[in-house]
Amino acid sequence: MRRRDLEHAIRAATEIIRQDAVFIIGSQSILGSFTEDELPDEATHSEEVDVAPLKDDDAQSLATELDAAIGEMSHFHETHGFYVQGAGQNTAVLPTGWTDRLVKVRNANTNGRSGLCLEPHDLCAAKLIAGRIKDHLFVRALLEHGLVDPGLVAERLLTVANDDVRRDRALSWIRSTSGI
């Protein structure tokens, strides 16, 4: 995945759901803060951009619309080699204050529309809460390349509420991996 692919996903998603901005909540939100040339391969190999509409109904109709139009195995996916996964805003468990730290991607390639990407430390906290092997590999790569501060990731994890077990597991992982 490249930055221009993220911009294309933002442009396509905002046009489909007729909104001026979307949240980018998955791993490819890292491309809001760094270019593919600055990132390790482990951080850009996903074909999927997780997009959450800013406004959606309880049934997540707009997220479902994104899946149908430009999701996995769609014509869009076949043509461009990546796809959009529609998501709800609550899909990721995020640290307190994450909306205040969003990184905006908005330029001519997005047709002036915005992709509001997770700040890298918030993204790492969410990935560690999810706790899948691919999430640990992603965070480890960012740590090894000095792109995120393990202490700040731990601070963000401490603000995660309503999921003490996964939060504590994530804190243990970041502390043991980074030696903090």
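That block above? That's the structure.
Residues numbered from 1 in each chain as written. Predicted model: local features only at pLDDT ≥ 70, side-chain atom pairs only at ≥ 80, totals over all residues. Heavy atoms only, no water.

Turning to the packing of aromatic side chains, a few remarks are in order. The tally for this structure, following the rule as stated, stands at two aromatic pairs. Centre to centre, the rings of Phe76 and Phe82 are 5.3 Å apart; their planes meet at 90°, and the pair counts as edge-to-face. Residue Phe76 is classed as buried on the basis of its relative accessible area of 9%. Taking NZ or CZ as reference, Lys127 lies 5.7 Å from the ring centre of Phe138, over its face. (Phe/Tyr/Trp six-rings, centres within 6.5 Å; stacked < 30°, edge-to-face > 60°. Buried < 20%, exposed > 50% of the residue type's maximum accessible area, 1.4 Å probe, protein only. Lys NZ or Arg CZ within 6 Å of the ring centre and 35° of its normal.)

It is worth spelling out the pattern of salt bridges at this point. Scanning all chains against the criterion turns up 12 salt bridges. Two residues, Asp135 and Arg132, come together in a salt bridge whose shortest N-O distance is 2.6 Å. Judged by its relative accessible area of 0%, Asp135 is buried. Classification of Arg132 as partly exposed rests on a relative accessible area of 43%. For the salt bridge of Arg167 with Asp164, the shortest nitrogen-to-oxygen distance reads 3.2 Å. Highlighted residues: Arg167 and Asp164, both in helix 7 (residues 164-178), separated by three residues, approximately one helical turn. Sharing partners across several salt bridges, the network here consists of Arg101, Glu119, Asp122 and Arg156. (Salt bridge = Lys/Arg side-chain N within 4 Å of Asp/Glu carboxyl O. Helix = DSSP H or I, 4+ residues; strand = E, 2+ residues; numbered from the N terminus.)

On to the layout of surface pockets, then. For the largest pocket, the calculated volume is near 530 Å³. As for the largest pocket, its lining consists of 27 residues, of which Asp50, Lys127, Arg132, Lys134 and Asp135 are closest to the centre. Broken down by element, the lining of the largest pocket gets its largest block of residues, five residues, from helix 4 (residues 120-130). Split by residue class, the lining of the largest pocket holds 11 nonpolar, eight polar and eight charged. (1 Å grid on protein atoms, 1.4 Å probe; cavity = no way out; pocket = protein on both sides within 12 Å on 5 of 7 lines; lining within 4 Å. Points joined across faces, edges and corners; volume = space filled by probe spheres on them. Nonpolar A, V, L, I, M, F, W, Y, C, P; charged D, E, K, R; others polar.)

All right, on to the packing of helix 4 against helix 6 (residues 150-158) then. Relative orientation of the contacting elements helix 4 and helix 6 amounts to 65°, with a least axis distance of 9 Å. Helix 6 is crossed by helix 4, and the crossing has right-handed handedness. The segment helix 4 lies against helix 6, with His121, Asp122, Cys124, Ala125, Leu128 and Ile129 engaging Leu152, Val153, Arg156 and Leu157. Taken together, the residues of the contact of helix 4 with helix 6 break down into seven nonpolar, one polar and two charged. (Axes fitted to C-alpha atoms, helices over the stretch in contact; angles between N-to-C directions. Left-handed = near helix turned anticlockwise from the far one by under 90°. Contact = heavy atoms within 4.5 Å.)

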